Amino acid sequence: MNDRREHWQAAEQLALVLTEGGLQRMAARTLGVFLFTDQESVTAGEIAERLEASAGAVSGAVKSLLTVGLIERLPAPGSRREHYRLRDDAWATLFTSQNTVIQTMLQAARAGIDSTEAGDPAHRRLTQMRDFYEFLLGELPALLQRWHQRQQRS
C-alpha cells in the first residue's frame, strides 16, 4: 500500500466525516482504504495492516461494505486470500435494489404489515415505510439512467 502520509491523512479525515454522517467508524476507515489505495484490489490483511486494526474489525467492515454494494469480491487465481475492490458503480449501486439493506427494510415492512391490523398505528407506519421503499426503488432506474448518461459524457 502507498504510504504517502498526506494521502492517508486525507483518508482518515474522510473517514471522520463519514462517521459523523452515520457510517460505522471501521467501515468508514475501510472505505477510505478503498478510495485512496493505488492498488487494483486489496485483501483484508492489507486493510488491517494499513489501518493497524484487528482482523475481526476489518472483516466486519468488509462485510458491511459488501452488503451495501460499495465493494466487490474479485477472483484471485493463485491466491488463498479474498481480494476486494471498490465497485466501478459503487455510488449508484448504493441506491439500487442490489443494496441488500434496502431490500431488508422493504421485507421487514411487508412482514410487519402482515402481522398488524389495518386500524393499528403500527400498520399505518409500516405501510408508509413500505410505500417509501417501493417508491424509491421505482424512481431509481430513471435517476440512475440519467447518472449513467452523464458519466458517459464525462
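The coordinates are above.
These remarks concern the structure in this document. What you are looking at is a predicted structure, and each value in this text was computed from that prediction instead of being measured. (Residues numbered from 1 in each chain as written. Predicted model: local features only at pLDDT ≥ 70, side-chain atom pairs only at ≥ 80, totals over all residues. Heavy atoms only, no water.)

## Some thoughts on the overall build of the chain
Counting secondary structure elements, the chain contains 7 helices and 3 strands. Mapped from its N terminus to its C terminus, the chain presents α and β elements in the order α-α-β-α-α-β-β-α-α-α. Expected size for 154 residues packed as a compact globule is a radius of gyration near 15 Å; at 19 Å, the chain overshoots this value by more than 25%. Dimensions along the principal axes, computed over C-alpha positions, put the chain at roughly 60 × 40 × 35 Å. The proportion of buried residues among the 154 residues of the chain is 32%. (Helix = DSSP H or I, 4+ residues; strand = E, 2+ residues; numbered from the N terminus. Rg over C-alpha atoms; globule rule 2.2 N^0.38 Å. Buried < 20%, exposed > 50% of the residue type's maximum accessible area, 1.4 Å probe, protein only.)

## Let's talk about the sheet that holds strand β2 (residues 71-74)
Ordered by their spatial adjacency, 3 strands build an open sheet running β1-β3-β2, and the pairing between neighbours is antiparallel. Sheet topology places β1 (42-43) and β2 at the edges, where each strand pairs with a single neighbour. Where β2 and strand β3 (residues 83-86) come together, 4 bridges link them in antiparallel fashion. What sits directly across from Ile-71, in β3, is Leu-86. Across the sheet, helix α4 (residues 55-67) lies against β2 and β3, angled at about 105° from β2, the strand it touches most. (Pairing = 2+ DSSP bridges. Contact = heavy atoms within 4.5 Å. Axes fitted to C-alpha atoms, helices over the stretch in contact; angles between N-to-C directions.)

## Describing the packing of aromatic side chains
Counted by the stated rule, this structure contains 1 aromatic pair. When the ring of Phe-132 is compared with that of Tyr-133, the centres are 5.2 Å apart and the planes differ by 80°; the resulting orientation is edge-to-face. What makes Phe-132 partly exposed here is its relative accessible area of 44%. By relative accessible area, Tyr-133 is classed as buried at 17%. (Phe/Tyr/Trp six-rings, centres within 6.5 Å; stacked < 30°, edge-to-face > 60°.)

## A short note on the nonpolar core
Phe-34, Ile-47, Val-62, Leu-65, Leu-70 and Ile-71 are the most contacted members of the largest nonpolar core, which totals 19 residues. Within the residue set of this core, elements represented by two or more residues are α1 (5-20), α2 (25-36), α3 (44-51) and α4. With near-sequence residues (within four places) excluded, Leu-65 lies in contact with Ala-27, Thr-30, Leu-31, Phe-34, Leu-70 and Ile-71. Within the second largest apolar cluster, 7 residues are counted, among which are Ile-102, Leu-106, Tyr-133 and Leu-140. (Core = buried A, V, L, I, M, F, W, Y, C linked by side-chain atoms within 4.5 Å.)

## Quick notes on the side chain of Ser-41
With respect to the helices, strands and loops of the structure, Ser-41 is situated in the loop between α2 and β1. Side chain to side chain, Ser-41 and His-83 meet in a polar contact 3.3 Å long. With residues up to four places along the chain from it excluded, the contact list for Ser-41 reads Glu-46, Leu-74, His-83, Tyr-84 and Arg-85. (Polar contact = N/O pair within 3.5 Å; in protein donor to acceptor, adjacent residues only side chain to side chain.)

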